[in-house]
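# Analysis of the macromolecular model
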Amino acid sequence: MIDPHSFTDSTHPLTTHVSLTLYFHFPSSTIHATALLTLQTPHTGPLSLDTRSLTIHKILDPATLTPIPFALSSSEHPIKGRLLTVYLDNNSSALILYSTSPSSSALQWLSPPQTFNKTHPFVYTQCHPVHARSVFPCQDTPAARVCYSAKLNLPRELSAVMSARHCDRHDPVGTDLDGMLTNEESGFGFDLKSLWCEEGRVVEEFVMEQPIPPYLFAFAVGELGFREAGPRTRVYSEAVDAVLDAAAREFAGTEEMIRQAERLFGEYDWERFDLLVLPPSFPYGGMENPRMVFLTPTVIKGDASGARMVAHELAHSWTGNLITNKNNEHFWLNEGFTTYAERRIVEAVQGEDIAALNIGNGWRGLNEEMERFKDNMEFTKLKNNQEGVDPDDMYSRVPYEKGFQFLWRIEHQIGRPAFDEFLKKYIATFKFKSIDTETFLDFLKANVHGIEKDIDLQLWTEGTGIPPDAHEPVSNLYIKITSLAKDFKLGRMPREDEVANWTGQEWELYLKNLPRAVEASQVLALDARYRLSESKDYEVKVAFLQLAISSRCRDYYGEVEKTLKEVGRMKYLRPLYSGLVQGPGNEEEKILAKRVFAEARECYHPIAQRTVEAIFAKHV
């Protein structure tokens, strides 16, 4: 096998191109679709594909429209979904007619009341790490890079964006569905051709000509608007002027970040760098879909500091999208490199002090993860064994922050100029390839002679915990903030003149360095002076609410409930729900957590729903 999370067989040819037609039926939260898969070479015998929650109606030879036999496994694997076996006879392509289900793990269908404008529905994808298979049958592993084209048929009042180049918007015509059979033969149980050409529909066409791993396949459909934010950047969201204007202001510096990134890492290879601000239910901070980065609305903070998240997704354009981990066991190759690259971009644009704050917040987060995984230290390794493990369950900051620390350690060893040269060569050598940890280490040793004598590479990549040569950042601002946090333990709150220039990042670092639990009276006094529970910056607000929960300061449970109901980002859901249900003697908190989840569940993305359910399974 290529990948512990995929049925893909290493002896089968890989798919090189997928051509999709997608008919969006909002009343049933379903997509009726065709997928034309093209293989590297003609193949005879079984071909293994990943699916989840898909109904396969028919598979055809696209040249002759004769049926190709197939089998769908009767049982659902809890992580991989259902194996679709297609029996080919010297075929280099296959046309699959299928429908998605409302329970697709990649898709969130929002009814009009769940959107900003409350008038039209909305749907979007989140395919990382293993959810593309619930949108179309595929070899759902990053080892299988594909180009794709897509025709999306939607209600005329809506529009679409994709991780691809937009080519056309036109009235639907029967030839959009080349090769589609008549109703009786198609297997859909209805005539998709006549449905496709109904009044009030429109077709949007897209093409992605660069090979991407399937998890980067993405679309969103809804009542969308946009603002120009730079020569290569538009900001999209639901068509709400206040959201679009705030996003355009927050991300006005994007072009300068792209230019700094090109200086550091080489030319930007994806033409455009557009941004889509999604509804609050989006489960991640950002998703690096090429050409169309998806973002949580919580990154719009009103002070341009949300640009840090954009810097991370931009950095993925080189590390993750151009060079990709071969499977999720090597996820640090995506995220460690991208965290390093993000901080270099931030340093170039916002200065060394801000970069040091980012590193400091990351260092604190890494230490928290060591505590979280103390019962399963395998998850603290950079390269780890994920056989039988759902990658969503072990998602953490370890690959980001330990990966960053490893690369930062190499930079310290050989000096920044030499490391910059190495990085550019690494990116140029492996672009549009999917690699593993061994490939990176071999390249490192070949290009930085003797590095294995100076740094224990095996300890860093395969050892548990934090290596002894990892280290905190050093900057005057960082030291000042952490020492103020130490003073809080002694009962001293920071003076207003000491925090006058603080933004969200300074407060976040301060709060993360406070003791896990303090007196409830201290929590109340801190908030009375600085109103942290009302912060518009969710990083600050959630860090403060975590402190309130761990200190059993119940005055803030109303604010905790409000926060859990207004955002679906897992970075905030996980610590707040965990804080409520962990530990002894907190029956009141457990009752609160269960009630809030029951009331908020439908507004969370399926990935986030499962994450919270896993927390409850462990602690309630």
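Rules used throughout
- Residues numbered from 1 in each chain as written.
- Predicted model: local features only at pLDDT ≥ 70, side-chain atom pairs only at ≥ 80, totals over all residues.
- Heavy atoms only, no water.
- Core = buried A, V, L, I, M, F, W, Y, C linked by side-chain atoms within 4.5 Å.
- Buried < 20%, exposed > 50% of the residue type's maximum accessible area, 1.4 Å probe, protein only.
- Helix = DSSP H or I, 4+ residues; strand = E, 2+ residues; numbered from the N terminus.
- Domains from an automatic or database assignment.
- Contact = heavy atoms within 4.5 Å.
- Salt bridge = Lys/Arg side-chain N within 4 Å of Asp/Glu carboxyl O.
- Pairing = 2+ DSSP bridges.
- Axes fitted to C-alpha atoms, helices over the stretch in contact; angles between N-to-C directions.
- Expected span 1.5 Å × (residues − 1).
- 1 Å grid on protein atoms, 1.4 Å probe; cavity = no way out; pocket = protein on both sides within 12 Å on 5 of 7 lines; lining within 4 Å.
- Points joined across faces, edges and corners; volume = space filled by probe spheres on them.
- Phe/Tyr/Trp six-rings, centres within 6.5 Å; stacked < 30°, edge-to-face > 60°.
- Lys NZ or Arg CZ within 6 Å of the ring centre and 35° of its normal.
- Parallel < 35°, antiparallel > 145°, perpendicular 65-115°, else oblique.
- Left-handed = near helix turned anticlockwise from the far one by under 90°.
- Nonpolar A, V, L, I, M, F, W, Y, C, P; charged D, E, K, R; others polar.
- UniProt positions renumbered as here; feature names shortened; annotations may be inferred.

Buried together is how nonpolar side chains tend to be arranged in soluble globular proteins. Counting 178 residues, the largest nonpolar core has F24, L152, F219, F440, Y510 and Y577 as its most contacted members. Considering every element that reaches this core, the biggest residue donor is helix α16 (residues 538-550), with nine residues. Domain assignment of the residues forming this core places at least three in each of domain 1 (15-221) and domain 2 (326-462). Excluding anything up to four places from it in sequence, Y577 contacts L564, A593, V596, F597, Y604, V612, I615 and F616. Membership of the second largest hydrophobic core comes to nine residues, among which are L177, F188, W196 and V203.

Another point: the pattern of salt bridges. Oppositely charged side chains are able to pair whenever their charged atoms sit close together. As enumerated under the stated definition, the model contains 52 salt bridges in all. Residue E204 is joined to R169 by a salt bridge in which the shortest nitrogen-to-oxygen separation is 2.8 Å. Taken together, the residues span a long stretch of sequence, with E204 in strand β11 (residues 201-212) and R169 in strand β10 (residues 165-170) at a distance of 35 residues. Looking at E204, the relative accessible area reads 3%, which means it is buried. Note on R169: relative accessible area 36%, which makes it partly exposed. The salt bridge involving R601 is made with E602; its shortest N-O contact spans 3.6 Å.

It is worth spelling out the environment of V18 at this point. Positionally, V18 belongs in strand β1 (residues 15-25). Along the sequence, V18 and A94 sit 76 residues apart, while their C-alpha atoms lie 9.9 Å from each other. With sequence-adjacent residues up to four places away left out, V18 is seen in contact with A35, L36, L37, F136, V146, C147, Y148 and S149.

Residues of strand β7 (residues 122-125) alternate between two faces, with F122 and Y124 on one and V123 and T125 on the opposite face, all of them buried. Sheet analysis places strand β6 (residues 107-110) next to β7, joined by four bridges and oriented antiparallel. Within β7, the position partnered with W109 by the bridge is V123. Here β7 pairs with strand β12 (residues 219-222) via two bridges, running antiparallel. Its bridge partner lying in β12, Y124 is registered against A220.

With antiparallel pairing, four strands are arranged side by side in an open sheet as β6-β7-β12-β9. Because the sheet does not close on itself, it has two edges, and the strands there are β6 and β9 (159-162). Mean inter-strand twist for the sheet, computed between neighbouring axes without regard to direction, equals 10°.

Our next topic: helix α8 (residues 398-414). End to end, α8 covers 24 Å across 17 residues, agreeing with the expected 24 Å (1.5 Å per residue, within 8%). The buried fraction of α8 is high, at 14 of 17 residues. Positive phi shows up at G415, right after α8, with a value of about 90°.

Take the layout of surface pockets next. Over the atoms rolls a probe the size of a water molecule, and its path tells where empty space is left. Here the second largest pocket defines a volume of roughly 320 Å³. Lining the second largest pocket are 17 residues, with A160, V161, H166, R234 and Y236 positioned closest to its centre. Where the lining of the second largest pocket is concerned, the elements lending two or more residues are β9, β10, β11, β13 (224-230) and β14 (233-238). In terms of residue count, the dominant contributor to the lining of the second largest pocket is β9 (four residues).

Moving on to the packing of aromatic side chains. A complete count under the given rule lists 51 aromatic pairs for this structure. Here the aromatic rings of F122 and Y124 are separated by 6.4 Å at their centres, their planes lie at 65°, and the arrangement is edge-to-face. In this structure, F122 and Y124 share a single accessibility class: buried. The interplanar angle of 85° and the centroid separation of 6.1 Å between the aromatic rings of F331 and Y400 together place this pair among those described as edge-to-face. Within this pair, whereas F331 is found in the loop between β18 (323-325) and α6 (332-350), its partner Y400 is found in helix α8, the two being separated by 69 residues in sequence. Residue classification places Y400 among the buried positions, given a relative accessible area of 14%. If you follow R343 out to its NZ or CZ, it ends over the ring of F404, 4.6 Å from the centre.

The next subject is the packing of helix α13 (residues 476-489) against helix α14 (residues 504-512). Describing two packed helices takes the angle between their axes plus the distance from one axis to the other. Where α13 meets α14, the axes come as close as 8 Å, and the angle between the chain directions of the two elements is 45°. When the axes of α13 and α14 are compared, the pair comes out oblique. The interaxial crossing formed by α13 with α14 has right-handed handedness. On α14, the residues that touch L477, Y478, I481, L484, A485 and F488 of α13 are E506, L509 and Y510. Residue composition of the contact of α13 with α14, by class: eight nonpolar, no polar and one charged.

UniProt's feature table lists "binding site: Zn(2+)" (unreviewed entry) at H312, H316 and E335, given in the numbering used throughout. Considering the C-alpha atoms alone, the annotated residues occupy 24 residues of sequence yet fold into one spot, their largest mutual distance being 9.2 Å. Structurally, H312 can be placed in helix α5 (residues 307-315). Setting aside its immediate chain neighbours within four residues, H312 contacts E335, T338, T339, E342 and Y400. H316 sits in the buried class, given a relative accessible area of 1%. Ignoring any residue separated from it by four or fewer positions in sequence, one finds H316 in contact with E288, N321, L322, N334, E335 and T338.

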